[in-house]
Amino acid sequence: MQSTEIAVIGAGVIGLAIAHRLTHDGHEVVVIDPAEPGLGASYGNAGTIADYAIQPVGTPDVLRSLPSLLFDRNSPLSIRHAALPSLAPWLLRFTRQCLPDAAKCNAIAIAALMAKALPQWDTLSAQIGGEDLMQRRGCLYIYETKSGFQAAQNDLAFRKELGVSIEMLTPQELSVMEPGLPEMSGGAAYFPNAVFMADPGEMVQRLYRATKSAGVTFLSTRAEGIKRENGGVQITGPNLDLTARHVVIAAGAHSRALARSAGDPVPLDTERGYHVEWDMAQPRLSRPSCPASRGFYLCPMSGRLRVAGTVELGGLTAPPSPHRIAKLVEGARAFFPDLGPPDREWMGFRPSMPDSLPVIGPSRKGPEVIHAYGHGHVGLTLAPGTAELVAALIAGRTPGPEITACLPTRF
């Protein structure tokens, strides 16, 4: 293949959703990715369409605890010491984004992106035959102690101010809702509008199949360079020399070098996320539940319990940390002591921006290149919305005020 109208670099849930939307708008689309579609962070996540997840990673509370969080290898947020030199510029920006005014502005911007996420997923799941995977039972933040519950009240009140529906549950009410959990003296916050996917990997595979059936071409190779030339954009890589009228960079944690090649030095770095799974015929609980102090989710999925989460800053090349895996197993057994060895474990890469806002918008060098990555923990949630924003930009429409905070020119 020598030319196409639109090339989408990246076949995760963001890239697939964009390709699906653009081809249904009548465009010729090619998707480029060396890996099998949908097998990165799009597969290994907690499977939640998280309307409540409006807080950035960087907050004043995190700033106060940052030294202990980053260098305590048992904390929910940690750093691989070998990666510290390369992470230093990102950490400096992150620290500034933890300041009260910046953190509040970032939360407001994230909330604006989240506002339409569920109806957008309802539309997309209907188009790809994924309605049966959408489980409408909400999500829980659980508090193991009364002091933990009290400490969360300001955060929960702020989420309510930004439109998040929250119901507070006593320990007794939590026991009725999730009898498989041990008693939690702090109770829980219940987010009734959250929807989770019984199998996020299967949902993304259905999206891939629908996208391919709609006529999108998939090239299994790595895009390594982007160059504007003769009114188009040339994309190069191993066995790849493709010219497109528009290029969408949607390569997740692998997007930074491509963005720089397009003329946009974006401060993207990598969070390494982990999960472990136990196969079981009957789930131990009926909805995703996050022990708030531990930073992971207990996720009931089809035929298995997935325990997913924590944040490790460590780049793209280091091997998985056995310690992070062990901490997830230990955390799961704090709630279900009879669990044996996990049946599988996984590590993937989240694309992380210092302000926790995705990068969505045209390149500062020209609108023929569009950025769509950096979604951090909410890529699954924001995939259809990101596709809608990119489709508007391709069509020359004004995509709406929610894109303003996401433009690559903000740094």
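Residues numbered from 1 in each chain as written. Predicted model: local features only at pLDDT ≥ 70, side-chain atom pairs only at ≥ 80, totals over all residues. Heavy atoms only, no water.

**Focus: the pairing of strand β14 (residues 269-279)**
To keep things clear, this is the line we draw: Burial status follows relative accessibility: with a 1.4 Å probe on protein chains alone, a residue under 20% of its type maximum counts as buried, one over 50% as exposed, and anything between as partly exposed. Every helix listed is a DSSP run of H or I at least four residues long, and every strand listed is a run of E at least two residues long, numbered separately from the N terminus. Here, strands pair whenever DSSP counts at least two bridges between them.
In terms of burial, β14 is largely enclosed, as ten of its eleven residues are buried. Across nine bridges, the pairing between β14 and strand β18 (residues 344-352) is antiparallel. Residue pairing across strands places G273 opposite G348, the latter belonging to β18. As judged from the eight bridges shared by β14 and strand β17 (residues 304-313), these two strands associate in the antiparallel manner. By the bridge assignment, E277 is partnered in β17 with R306.

**What to know about the packing of helix α6 (residues 117-128) against helix α10 (residues 200-213)**
This is how the line gets drawn: To define axes, lines are fitted to C-alpha atoms, for helices over the stretch in contact only, and angles between the resulting N-to-C directions are given on a 0 to 180 degree scale. In a left-handed crossing the near helix is turned counterclockwise from the far helix by less than a right angle, and in a right-handed crossing that turn is clockwise. By definition, residues are in contact when any of their heavy atoms lie within 4.5 Å. Residues are sorted three ways: Asp, Glu, Lys and Arg are charged, Ala, Val, Leu, Ile, Met, Phe, Trp, Tyr, Cys and Pro are nonpolar, and all the rest, Gly among them, are polar.
Where α6 contacts α10, the axes come no closer than 9 Å and their chain directions differ by 65°. Here the hand of the crossing between α6 and α10 comes out left-handed. Within the contact between the two elements, α6 uses W121, L124, S125 and I128 and α10 uses M203, R206, L207 and A210. Looking at the contact of α6 with α10 residue by residue, the class counts come to six nonpolar, one polar and one charged.

**Points about the nonpolar core**
To be explicit about the condition: Residue types Ala, Val, Leu, Ile, Met, Phe, Trp, Tyr and Cys, when buried and joined through side-chain atoms within 4.5 Å, form a set referred to as a nonpolar core.
Core analysis: the biggest nonpolar cluster contains 36 residues, and V8, V13, I18, W121 and V248 have the highest contact counts within it. Residue assignment for this core shows that the elements contributing at least two residues are β1 (3-9), α1 (13-24), β2 (29-32), α6, β9 (195-197), α10, β20 (366-373) and α13 (379-395). No other element matches α1, which puts seven residues into this core. Those residues in contact with V248, other than ones at most four positions away along the chain, are I6, A7, V8, I9, I18, I370, A372 and V390.

**Considering the packing of aromatic side chains**
Rules: A pair of aromatic rings is counted whenever rings of Phe, Tyr or Trp (Trp by its six-membered ring) have centres within 6.5 Å, and the orientation is called stacked for planes under 30 degrees apart, edge-to-face for over 60 and tilted otherwise.
Throughout the structure, instances matching the rule amount to seven aromatic pairs. With a centroid separation of 5.5 Å and 85° between ring planes, the pair formed by Y52 and Y141 is classed as edge-to-face. Of the two residues, Y52 sits in the loop between β3 (48-49) and α3 (60-71) while Y141 sits in strand β6 (residues 139-143), which places them 89 residues apart along the sequence. For the pair Y52 and Y141, a shared accessibility class is recorded, and that class is buried.

**Some thoughts on the environment of N45**
As a reminder, the rule being used: Nitrogen and oxygen atoms within 3.5 Å of one another constitute a polar contact, given that in protein one can donate a hydrogen and the other can accept it, and given that sequence-neighbouring residues count only through two side-chain atoms.
With respect to the helices and strands, the residue N45 is situated in the loop between α2 (41-44) and β3. C-alpha of N45 to C-alpha of L219: the two residues are 174 residues apart in sequence and 25 Å apart in space. Discounting chain neighbours no more than four positions away, the residues touching N45 are P200, M301, R306, A308 and L380. Of the polar contacts made by the side chain of N45, one reaches the backbone nitrogen of G47; its length is 2.7 Å.

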